[in-house]
Amino acid sequence: MQATPAQRDQLAKKLQAGSFLRGLAPEILAQMVRSAVWREYPPGAVIFLEGDAAPALYYVDAGWVKVVKMSPEGREQVLQFFGPGEIFGGMGVFVDRPAPATAIALEQAGLWLLQRDAVRRMLAANPAMALQVIEFMADRLMELVTLVADLSLHTVTERLARVLLEEADDDVVYRRRWATQAEMAARLGAAPDVLNRALRTLVEEELIELGRQQIRILDRPGLAAKAAPNR
């Protein structure tokens, strides 16, 4: 599907407002937007595979995407989720290396591909933007460092409690259609049955209440104690 001029104008506004491209000179941003490619993916579609060349940044315009590492047996470890307004897939833009993980659409997703050559031209023309790019990549690195620490140093119950606290809106975690227990288990680096036991533990201790579309926090201090038992 070919993008319309109006869609490209909207992309320029979104990029300037909400990513590391904010503050970019309009004429440079316009060049990048002109070369951007619009792609749509149905639920479950692979955007790129680990080992593929990934010569673009991906801007999520609509829908949700997960980035995962897969074992030879097909077990997933979710590294990150990305939703509207977020950018992912930067490795292949800044270094000539294959994609280190696999990206999959969780629901109908619309993505803009910001081409590597256009991004590199932008950086060459605007050296000051390099600091914003470094901050962007550092944030991604810190997220992965936190994930490694969680997987190695904390139990599934502790990791689950922390995720619920971080994602709660007024003590309610709303579950998207794709947010199954299998997806949650993959995010926490746990087998589904282990996650189920952790959920039951939090329910039995009256820390949370499970619903079909949401998880309600009943005791925030108690859940916080579960998330960081040694602090």
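Residues numbered from 1 in each chain as written. Predicted model: local features only at pLDDT ≥ 70, side-chain atom pairs only at ≥ 80, totals over all residues. Heavy atoms only, no water.

Focus: the packing of helix H1 (residues 5-18) against helix H2 (residues 26-35)
Phase 1: Two elements in contact, H1 and H2, have axes whose closest approach is 10 Å; the angle formed by their N-to-C orientations is 125 degrees. Classified by the angle between their axes, H1 and H2 sit oblique to one another. The interaxial crossing formed by H1 with H2 has right-handed handedness. On the side of H1, the interface is formed by Arg-8, Leu-11, Ala-12, Leu-15 and Gln-16, while H2 contributes Pro-26, Leu-29, Val-33 and Arg-34. (Axes fitted to C-alpha atoms, helices over the stretch in contact; angles between N-to-C directions. Helix = DSSP H or I, 4+ residues; strand = E, 2+ residues; numbered from the N terminus. Parallel < 35°, antiparallel > 145°, perpendicular 65-115°, else oblique. Left-handed = near helix turned anticlockwise from the far one by under 90°. Contact = heavy atoms within 4.5 Å.)

Remarks on the side chain of Glu-107
Phase 1: Locating Glu-107 in the fold gives a position in the loop between strand S7 (102-105) and strand S8 (109-115).
Phase 2: In this structure, Glu-107 is buried with no salt-bridge partner, the nearest side chain bearing the opposite charge being Arg-177 at 4.6 Å.
Phase 3: Setting aside residues up to four positions removed in sequence, Glu-107 forms contacts with Tyr-41, Pro-42, Pro-43, Gly-63, Trp-64 and Trp-178. (Buried < 20%, exposed > 50% of the residue type's maximum accessible area, 1.4 Å probe, protein only. Lys, Arg positive; Asp, Glu negative; His and termini not counted. Salt bridge = Lys/Arg side-chain N within 4 Å of Asp/Glu carboxyl O.)

Focus: the pairing of strand S5 (residues 76-82)
Phase 1: Buried residues dominate S5, accounting for 5 of its 7 residues.
Phase 2: The pairing of strand S4 (residues 65-70) with S5 spans 6 bridges and is classified as antiparallel. Bridging from a neighbouring strand, Val-67 pairs with Gln-80 of S5.
Phase 3: Turn length for the S4-S5 hairpin, with the two strands adjacent in sequence and antiparallel, is 5 residues, and the turn residue Gly-74 shows positive phi of about 95 degrees. (Pairing = 2+ DSSP bridges.)

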